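The lines below spell out each chain.
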Amino acid sequence: MIRLCPSILNANFDELPNEIAKVARVSDLLHLDVMDNKFVPNFTFSFERAREIIESSQLPVDVHLMIANADEEALPYLETKAASITVHLEACEDPLSLLTEIRKRGKRAAIAIKPGTGIDEIRELLPALDMILVMTVEPGFGGQKFMSEMMPKVEAARKWLDEGGFGDTWLQVDGGVNLETIAMARKAGADTFVAGSVVFNSPDPEGVIETLRHLAASVK
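Residues numbered from 1 in each chain as written. Predicted model: local features only at pLDDT ≥ 70, side-chain atom pairs only at ≥ 80, totals over all residues. Heavy atoms only, no water.

1. Some details on unusual backbone geometry
No. 1: For Asn 37, which is not a glycine, the phi torsion comes out positive at approximately 65°.
No. 2: Turning to its location among the elements, Asn 37 is positioned in the loop between β2 (30-35) and α2 (47-56). (Helix = DSSP H or I, 4+ residues; strand = E, 2+ residues; numbered from the N terminus.)

Right, dumping it as structure tokens:
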């Protein structure tokens, strides 16, 4: 199954209900990038603002926490209505405990890795994961160029999931996904795609999402 998760990083923050409404009919989840200006050099939302977005969203929310000290700072998000919570391996002291706690709260538990982190570092966490996120840009800013050199990581993760019996675990890519790159990511094995600037910089966000889904589905 292919999932499209538009990221509001490039949306108009002052008009978020309207921006979300533009994509709600054709999207699977809303991707919410939370940045703290510590783990990454950018700030997007406080916890209070993120919670407001999660609670009011017409779509289930896929929260991507690009925050330092995730073992502690992620805990308030477990009390929200988020459908999925992703934490960065690089920001966790004890990722297994945090992922276990996320699952306990009835949410999908996911781990993300930055471009400089090897995919092998998450292998032992596979039984605790509902999703793997391979970053295809350096996290922190939208509109960056897709890093095709990350595709071997996606291929390795896909092999582990298929051969290890983890059929319910999603494999997500985030960063630079557009009409030219989504097929490459799909061919490597991704099934869940975060798309930001290509969607919200378009006069027809809904049409772009439908086209992205078609392009991914066309990969054999």
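What follows continues from the structure just given.
2. Some words on the pattern of salt bridges
No. 1: This structure, assessed with the given rule, holds 13 salt bridges.
No. 2: Put simply, Glu 19 and Lys 22 hold a salt bridge, and the shortest N to O gap is 2.7 Å. Placement of both Glu 19 and Lys 22 in helix α1 (residues 16-23) is noted, with a separation of 3 residues, approximately one turn of the helix.
No. 3: Owing to a relative accessible area of 8%, Glu 19 belongs among the buried residues under this scheme.
No. 4: A salt bridge links Arg 49 to Glu 52, with the nearest nitrogen and oxygen atoms 3.1 Å apart. In this pair, Arg 49 and Glu 52 both sit in helix α2, 3 residues apart, roughly one turn of the helix.
No. 5: The exposure class of Arg 49 is partly exposed, given its relative accessible area of 30%. (Salt bridge = Lys/Arg side-chain N within 4 Å of Asp/Glu carboxyl O. Buried < 20%, exposed > 50% of the residue type's maximum accessible area, 1.4 Å probe, protein only.)

3. Some words on the side chain of Ser 84
No. 1: In this structure, Ser 84 sits in strand β4 (residues 84-88).
No. 2: Sequence-distant contacts of Ser 84, that is, excluding residues within four places in its chain, are made with Val 61, Asp 62, Val 63, Arg 108 and Met 131. (Contact = heavy atoms within 4.5 Å.)

4. Notes on the packing of aromatic side chains
No. 1: Overall, the coordinates contain 2 aromatic pairs when judged by the stated rule.
No. 2: Aromatic side chains Phe 13 and Phe 45 sit 4.8 Å apart centroid to centroid with 40° between the ring planes, which places their arrangement in the tilted category. In this pair, Phe 13 sits in the loop between β1 (3-6) and α1 while Phe 45 sits in the loop between β2 and α2, placing the two residues 32 residues apart along the sequence.
No. 3: With a centroid separation of 4.9 Å and 85° between ring planes, the pair formed by Phe 47 and Tyr 77 is classed as edge-to-face. One end of the pair, Phe 47, is in helix α2; the other, Tyr 77, is in the loop between α3 (70-73) and β4, with 30 residues separating them in the sequence.
No. 4: Looking at Tyr 77, the relative accessible area reads 4%, which means it is buried.
No. 5: Across the ring face of Trp 170, the terminal group of Arg 108 is positioned such that the distance to the ring centre comes to 3.7 Å.
No. 6: Over the aromatic face of Phe 39 sits the side chain of Lys 114, whose NZ or CZ is 4.8 Å from the ring centroid. (Phe/Tyr/Trp six-rings, centres within 6.5 Å; stacked < 30°, edge-to-face > 60°. Lys NZ or Arg CZ within 6 Å of the ring centre and 35° of its normal.)

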